[in-house]
Every structure is written in C-alpha cells, then in structure tokens.
Amino acid sequence: QMLDSAPLASRAGFLQLGEEAWRQGERLGRSNARGDQTQWVIQPLSIGIEQQNRESWSVHLNMALERHPPTWARRFVRAFEDAFRALCVHPTAGVHCDYPHDFY
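Residues numbered from 1 in each chain as written. Predicted model: local features only at pLDDT ≥ 70, side-chain atom pairs only at ≥ 80, totals over all residues. Heavy atoms only, no water.

Visitor: Outline the packing of aromatic side chains, supporting the account with residue identities and numerical values.
Guide: Taken as a whole and assessed by the stated rule, the structure comprises 2 aromatic pairs. Aromatic pair Trp 72 and Phe 76: ring centres 5.1 Å apart, planes at 15°, arrangement stacked. Residue Trp 72 and its partner Phe 76 are both found in helix H1 (residues 70–89); the two are separated by 4 residues, about one turn of the helix. Given a relative accessible area of 21%, Phe 76 falls into the partly exposed group. An aromatic cluster is defined as three or more aromatic residues linked by ring pairs; in this entry it consists of Trp 72, Phe 76 and Phe 80. (Phe/Tyr/Trp six-rings, centres within 6.5 Å; stacked < 30°, edge-to-face > 60°. Helix = DSSP H or I, 4+ residues; strand = E, 2+ residues; numbered from the N terminus. Buried < 20%, exposed > 50% of the residue type's maximum accessible area, 1.4 Å probe, protein only.)

Here it is, written out as structure tokens:
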C-alpha cells in the first residue's frame, strides 16, 4: 500500500495509517488487554512491511495459531530478523543459517 504522493504540508498534519493499524477495527473506549482466548484471523499468515518515515519501518505479522504454533512463530521471527540483518549488513551472506545452540 503506497503512501499518498501529496506533500506532507498539504495534509494539514494528517498521515495515512497502514491497513494493519485497523485490522481489528475501532478500539476507542475498549480495553487493549488480550483475553485467554485467541482471536480468529482472516488469513493463516499475513506479513506487512510498512515505512512510517525515512528511518522508521514496521513489520506486522498475523498468523493463525492452529497452523503456526508459538514454536514455529519464534523460529520464523528469528529467521526473519537474521535475514533482514544479513541483508543490511552482509548482503552476500548465505541465506540459511543454524539457530544458536541456546535459542529456545
């Protein structure tokens, strides 16, 4: 989802929010605490990478518990972090690395 191409000054200080910010609907007046039950997700796995400004990015991961249990999710997040770090620091590094011996 691309940002609006209009200059910032033309938006009266308003910024476009990414789709992930509204995935669960309006939250005004409702608690942000999670309950004991997991929430239903629209897709088994969705990944959104958004740029907030020149130096700030966010990664949104939304995954179904039945298909992606916590152990899988931890390994996925660690592999994603390692791959992104390698892309930025060592772009010619190999893509498959072992997990550290003390990783969960």
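Visitor: So, the pattern of salt bridges: which residues are in play, and what are the values?
Guide: For the coordinates displayed, the defined rule picks out 2 salt bridges. Among the ionic pairs, Asp 82 bridges to Arg 78, the shortest N-O distance being 3.2 Å. Of this pair, Asp 82 and Arg 78 both sit in helix H1, 4 residues apart, roughly one helical turn. In this structure Arg 78 comes out as partly exposed when scored by relative accessible area, which is 25%. Two residues, Arg 85 and Asp 82, come together in a salt bridge whose shortest N-O distance is 3.8 Å. One end of the pair, Arg 85, and the other, Asp 82, are both in helix H1, 3 residues apart, so they sit about a helical turn from each other. A relative accessible area of 51% means that Arg 85 is categorised as exposed. When salt bridges that share partners are traced, they join Arg 78, Asp 82 and Arg 85 into one network. (Salt bridge = Lys/Arg side-chain N within 4 Å of Asp/Glu carboxyl O.)

Visitor: Tell me about a nonpolar patch on the surface, and name the residues and values.
Guide: A cluster of nonpolar residues, Leu 45, Ile 47, Ile 49, Trp 57, Val 59, Leu 61 and Val 77, forms a patch on the protein surface that exposes about 590 Å² of accessible area. Secondary-structure elements contributing two or more residues to the nonpolar patch are strand E1 (45–53) and strand E2 (56–63). For Ile 49, the location among the structural elements is in strand E1. (Patch = residues over 30% accessible without salt bridge, like charges linked within 9 Å, V, L, I, M, F, W, Y side chains within 5 Å. Areas by Shrake-Rupley, 256 points an atom, 1.4 Å probe, with all protein chains shown as cover.)

Visitor: Before we move on, can you summarise the pairing of E2 with the specific residues and values?
Guide: Bridge analysis of E1 against E2 gives 8 bridges, and the strand direction is antiparallel. If you follow Gln 51 over to E2, its bridge partner there is Trp 57. Between the end of E1 and the start of E2, which pair antiparallel, lie 2 residues. (Pairing = 2+ DSSP bridges.)

Everything listed here is a matter of coordinates, which is why it stays silent on function.
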